[in-house]
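Coordinate analysis (summary)
Residues per chain are reported as follows:
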Amino acid sequence: MPDTRIPSDNDDRHVRGPLALGLLALLGLVLFASFVALGTWQVHRLAWKTALIAHVDERVHAAPVPAPGPADWAGVTAANAEYRHVRLSGTWLGGRQTRVWTATDAGSGYWILTPLRRDDGSIVLVNRGFAPAGWCDLKGHCPAPPTGEVTVTGLLRISEPSGLFRHNAPASDTWYTRDVAAIAKARGLADVAPYFVDADVSSGTTWPRGGMTVIHFPNHHLNYLITWYVLALMVLGAAGYVARDEYRLRHRRRLKGPG
């Protein structure tokens, strides 16, 4: 590290040469530009995250709208549909339920995903809610859902693919994510919507318990942008300190003269 102490009368350090000063200036410029760019990027990220949170909050608390039908499935994305409050009607396919292991504030257990067949023949997987581990028997058979026509309201969710640390095993009927395509294939379902619905709280049943969707978007972008901009200011401060030191060192050498 270059010595940036303020020269004293007994300071016999040599002044830095053009190459050393050029390298220091280049390093400072690169660091300053990088920190400013990162801070500015976080400004945009903060605006995006704030708008996202407000948009999702608006969707969640809006009155339910009809769930997208087959004609609209291709256009369903996380950006335009996730957490939209929807309504759909149909009959439960109780023999093709799926348990997806999870941990909630109510303890460990699983989500109960039940296919709902609509009047047009299309199927939507509905997460009817959370149930404790003992709610289904040892063979994985869960109590059947109500029979007859039902109407469900809830939040539209985008399919959750199997991941590295939460890897589904359809062969053993072990599920850790709500992967719509994989569950539909394992249950022999066709014409299935590319999304699932987290059901709202329903009255009259203890389990499964709906309305437990966790909506949490970490928003640390303000802290990040402050950090990057402070680092940029520190680079400016260091550059000024080095420049002042170099100026005083050269000035003192001129006063002392050659020798």
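Placed above this text is the structure.
Figured I'd write up the structure that's included with this text.

Reading the values: rules and limits
Residues numbered from 1 in each chain as written. Predicted model: local features only at pLDDT ≥ 70, side-chain atom pairs only at ≥ 80, totals over all residues. Heavy atoms only, no water. Helix = DSSP H or I, 4+ residues; strand = E, 2+ residues; numbered from the N terminus. Contact = heavy atoms within 4.5 Å. Areas by Shrake-Rupley, 256 points an atom, 1.4 Å probe, with all protein chains shown as cover. Lys, Arg positive; Asp, Glu negative; His and termini not counted. Charge placed at Lys NZ, Arg CZ, Asp CG, Glu CD. Buried < 20%, exposed > 50% of the residue type's maximum accessible area, 1.4 Å probe, protein only. Expected span 1.5 Å × (residues − 1). Core = buried A, V, L, I, M, F, W, Y, C linked by side-chain atoms within 4.5 Å. Patch = residues over 30% accessible without salt bridge, like charges linked within 9 Å, V, L, I, M, F, W, Y side chains within 5 Å. Salt bridge = Lys/Arg side-chain N within 4 Å of Asp/Glu carboxyl O. Disulfide = S-S within 2.5 Å. Axes fitted to C-alpha atoms, helices over the stretch in contact; angles between N-to-C directions. Parallel < 35°, antiparallel > 145°, perpendicular 65-115°, else oblique. Left-handed = near helix turned anticlockwise from the far one by under 90°. Nonpolar A, V, L, I, M, F, W, Y, C, P; charged D, E, K, R; others polar. Polar contact = N/O pair within 3.5 Å; in protein donor to acceptor, adjacent residues only side chain to side chain.

**Structural notes on the overall build of the chain**
The number of helices and strands found in the chain is four helices and seven strands. A separation threshold of at least 6 residues defines the contact pool for the chain, and within that pool the share at least 24 residues apart is 67%. Of the roughly 15200 Å² of accessible surface on the chain, 63% is carried by carbon and sulfur atoms. Placing the 27 positive and 21 negative side-chain charges of the chain at their respective mean positions leaves the two points 7 Å apart.

**Section: the environment of L225**
Take L225: it is sitting in helix α4 (residues 221-256). A relative accessible area of 11% means that L225 is categorised as buried. Considering only alpha carbons, one finds L225 and L93, 132 residues apart in sequence, at a separation of 50 Å. Each residue touching L225, except ones within four places of it in the same chain, is listed here: G39, Q42, V43 and L46.

**Some words on helix α1 (residues 18-60)**
Taking 1.5 Å as the rise per residue, α1 with 43 residues should run 63 Å; its terminal C-alpha atoms sit 62 Å apart, in good agreement. For α1, the elements touching its buried residues are α2 (78-81), β2 (85-92), β6 (149-158) and α4.

**Details of the nonpolar core**
Grouped together as the largest cluster of nonpolar side chains are 17 residues, with contacts concentrated most on L88, L116, V124, V126, V152 and Y195. Secondary-structure elements contributing two or more residues to this core are β2, β5 (123-132), β6 and β7 (192-199). In this structure, V124 is in contact with L88, T114, P115, L116, R118, A193, Y195 and V197, ignoring residues within four places of it in sequence. If you look at the next biggest cluster of nonpolar residues, it comprises 14 residues, including L113, F130, V180 and L189.

**Considering unusual backbone geometry**
Here D173, not a glycine, exhibits a phi torsion of approximately 55 degrees, which is positive. With respect to the helices, strands and loops of the structure, D173 is situated in the loop between β6 and α3 (180-186). Given the relative accessible area of 33%, D173 is considered partly exposed. Notably, D191 is not glycine yet its phi reads approximately 55 degrees, a positive angle. Position of D191 relative to the elements: it lies in the loop between α3 and β7. Taking relative accessible area as the criterion, D191 reaches 40% and is therefore assigned partly exposed.

**Quick notes on α4**
With 36 residues, α4 should reach 52 Å at 1.5 Å per residue; the first-to-last C-alpha distance of 53 Å fits that figure. Of all the residues in α4, the buried ones are H221, L225, A232, V235, V242, D245, E246, L249 and R252. Of the surrounding elements, those touching the buried residues of α4 are α1.

**As for a negative patch on the surface**
On the surface, a cluster of negative charge is made up of D119, D120, E149 and D191. Position of E149 among the secondary structure elements: in strand β6.

**Examining the state of the cysteines**
Throughout the structure, instances matching the rule amount to one disulfide. Covalent S-S linkage joins C136 and C142, the inter-sulfur distance amounting to 1.9 Å. Negative torsions about the S-S bond denote left-handed disulfides, and the value of about 100 degrees found for C136 with C142 makes this one right-handed. The buried category is assigned to C142, whose relative accessible area is 18%.

**What to know about the packing of α1 against α4**
The geometry of α1 relative to α4 is characterised by a closest axis approach of 8 Å and an angle of 160 degrees between their N-to-C directions. On the basis of their axis angle, the class for α1 and α4 is roughly antiparallel. Crossing hand, α1 versus α4: left-handed. Per-class residue counts for the contact of α1 with α4 are 19 nonpolar, five polar and four charged.

**Structural notes on the side chain of R59**
For R59, the position within the fold is in helix α1. Here R59 is buried and forms no salt bridge, its nearest opposite-charge partner E82 lying at an N-O distance of 7.2 Å. For R59, the side chain forms a polar contact with the main-chain oxygen of N80, separated by 3.4 Å. Within the structure, the side chain of R59 is placed 2.7 Å from the backbone oxygen of E82, a separation counted as a polar contact. Setting aside residues up to four positions removed in sequence, R59 forms contacts with A78, A79, N80, A81, E82, Y83, R84 and H85.

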